[in-house]
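# Per-entry structural report
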Amino acid sequence: MQTLSKERLGKFTASEIHKLFTGGKTRDTYIFEKAEEIVKGHAKAFSNKHTDHGHMNEFEAIQNFASVTDLMVDFLDQVYFPINANCGATPDAKVSNFSDETIASVDVKCPTATFFVQKMLQINESKPRYQNVPKEYFYQAQMQMLALNVNEHYLVRYLTGTDIDFDGNKIEYDLPLEVRMFYKKVIADKDVQDQIIQLVDEAAKERDLLVTIFKTPLDFAS
């Protein structure tokens, strides 16, 4: 199971920032979970065969992405980059130029069962307002760019050529790399990034109030 940095505890992060835009119960639950993380000192553990597969194949995906694009791509190995005291992001990789300056963030996913589902999402749910990527990935991209202080982001989806099924049998996909990978460049949108910071500031106040309540003993006798 993948261990995430303790620096992330209680922080609003790129992968779930869309929940603050969604509002309602989704937003409230997200804030509640962040308050719980602070009080408990750990995040909810989540791992299954599919997520483990993705983590194991991230480096391979980044290598192939670099090969296809001729970009200088470096794996970041789950390093957390704070934006401010309340939020940050954990990009999977970064792109550098020949002066070794970071110029882009990279988010890589290696889904098995949902690879072609995500391909159809890219086709059916992409809108010009979100630079033609699904909405939640657009917000994630904006936050990862904020974290690395860059103006470009690559959203990459990769299906490994060889997989293992639930019974341990090896599967070979007879598909070329250009079918097993798709990616989209996203550009920084300062208005959206400013909105992210504003939403985080508002959510952090509610989170901190919940932390105070969680840490306050209840006196049922009074």
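Computed from a prediction, not measured in an experiment: that's the story for all the values here.

## Some words on the layout of surface pockets
Volume-wise, the second largest pocket comes out at about 220 Å³. Together, His18, Phe21, Thr22, Leu121, Glu125, Lys127, Tyr130, Pro134, Lys135, Glu136, Tyr137 and Tyr139 line the second largest pocket. For the lining of the second largest pocket, the secondary structure elements donating two or more residues are helix 1 (18–22) and helix 5 (135–148). If you tally residues by element for the lining of the second largest pocket, the top one is helix 5, at 4 residues. Grouping the amino acids of the lining of the second largest pocket by side-chain chemistry returns 6 nonpolar, 2 polar and 4 charged.

## Focus: empty space enclosed by the protein
Summed over all chains, the structure comprises 1 cavity of 30 Å³ or more. Gln118, Gln122, Pro134, Tyr137, Leu155, Arg157 and Phe182 together form the lining of the largest cavity. Those elements giving two or more residues to the lining of the largest cavity turn out to be helix 4 (115–124) and strand 7 (152–158). Across the lining of the largest cavity, the residue classes tally to 4 nonpolar, 2 polar and 1 charged.

What counts and what doesn't
Throughout this description, residue numbers start from 1 for each chain and increase along the sequence as written. Where local features are concerned, this predicted model is filtered to residues with pLDDT of at least 70; where side-chain atom pairs are given and counted, the filter is 80 or more; whole-chain, interface and lining totals use all residues. Excluding hydrogens and water, the side-chain figures rest on all heavy atoms present in the structure. Of the grid points, spaced at 1 Å and generated over the protein atoms alone, those admitting a 1.4 Å probe that cannot get out make up cavities, while open sets with protein on both sides within 12 Å along at least five of seven lines make up pockets; any residue with an atom within 4 Å of a point is treated as lining. Grid points are joined across faces, edges and corners, and a volume is the space filled by probe spheres set on the points. Each helix is a run of DSSP H or I of at least 4 residues and each strand a run of E of at least 2, with the numbering of both proceeding from the N terminus. In this classification, Asp, Glu, Lys and Arg are treated as charged, Ala, Val, Leu, Ile, Met, Phe, Trp, Tyr, Cys and Pro as nonpolar, and every other residue, Gly included, as polar.

Interpretation in functional terms is not warranted from these geometric data alone.
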